[in-house]
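Read off the chains here:
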Amino acid sequence: MTVQYLTPFPNSRHVPECVAFDRRELMAILNVYGRMVDAGEWRDYGMSFLQDTAVFSIFRRTAEHPIYRVEKRPRLRERQGMYSVVAMDGRVLKRGHDLKSVLRVLERQLIRVVE
C-alpha cells in the first residue's frame, strides 16, 4: 500500500502578498471622500490592491479617468513617506508619512469663498 500526500496548492509560497489599506487609513480616506460627495464634487471611487501598492482612485463621474489617486507604497516608508496624492496628470500633489496630513491637499477644495 502506497500513501500519497496531496498538496492542493504546490506553489503556494510563491503567491505574492498584496498591499492594502487598514481600517484606520480607510476611515480617514472615506471621511474626506464623504464630505466631497456631499459637496457634489465627487461621485465614485475604486480601490486596487497590488503587490507593492494600494490605490484609492477618486472619480468625478463613473466613466472617467480618476481625478485623484491616494496611494500607499510601503517601500517608500523610510524615504519620502508611503502615502501620496496623485493628480490626474500624474503630478504628486503631496507625499508624506502621515495620511491625514497628506489628505489635507484634497480638503482645500472644500474651502470656497461665499458671497
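Look a little higher up for the structure.
First, a word on scope: everything that follows refers to the structure included in this document. Everything quoted here is computed from the prediction, not taken from an experiment.

1. Digging into a nonpolar patch on the surface
Taken together, the side chains of Leu-30, Tyr-45, Met-47 and Phe-49 make up a nonpolar region of the molecular surface, amounting to roughly 340 Å² of accessible area. The dominant element in the nonpolar patch, judged by the number of residues it contributes, is strand S1 (residues 44–49), at 3 residues. Considering the arrangement of structural elements, one finds Phe-49 in strand S1.

2. With respect to the pattern of salt bridges
Following the criterion strictly, the structure yields 6 salt bridges and no others. The partner of Asp-22 in a salt bridge is Arg-24, and the shortest N-O contact between them spans 4.0 Å. Take Asp-22: its relative accessible area is 36%, and that puts it in the partly exposed class. The shortest N-O distance in the salt bridge between Arg-91 and Asp-89 comes to 2.9 Å.

Each value, and the rule that gives it
Residues numbered from 1 in each chain as written. Predicted model: local features only at pLDDT ≥ 70, side-chain atom pairs only at ≥ 80, totals over all residues. Heavy atoms only, no water. Patch = residues over 30% accessible without salt bridge, like charges linked within 9 Å, V, L, I, M, F, W, Y side chains within 5 Å. Areas by Shrake-Rupley, 256 points an atom, 1.4 Å probe, with all protein chains shown as cover. Salt bridge = Lys/Arg side-chain N within 4 Å of Asp/Glu carboxyl O. Helix = DSSP H or I, 4+ residues; strand = E, 2+ residues; numbered from the N terminus. Buried < 20%, exposed > 50% of the residue type's maximum accessible area, 1.4 Å probe, protein only.

In short, the description is geometric, and any link to function would need to be established separately.
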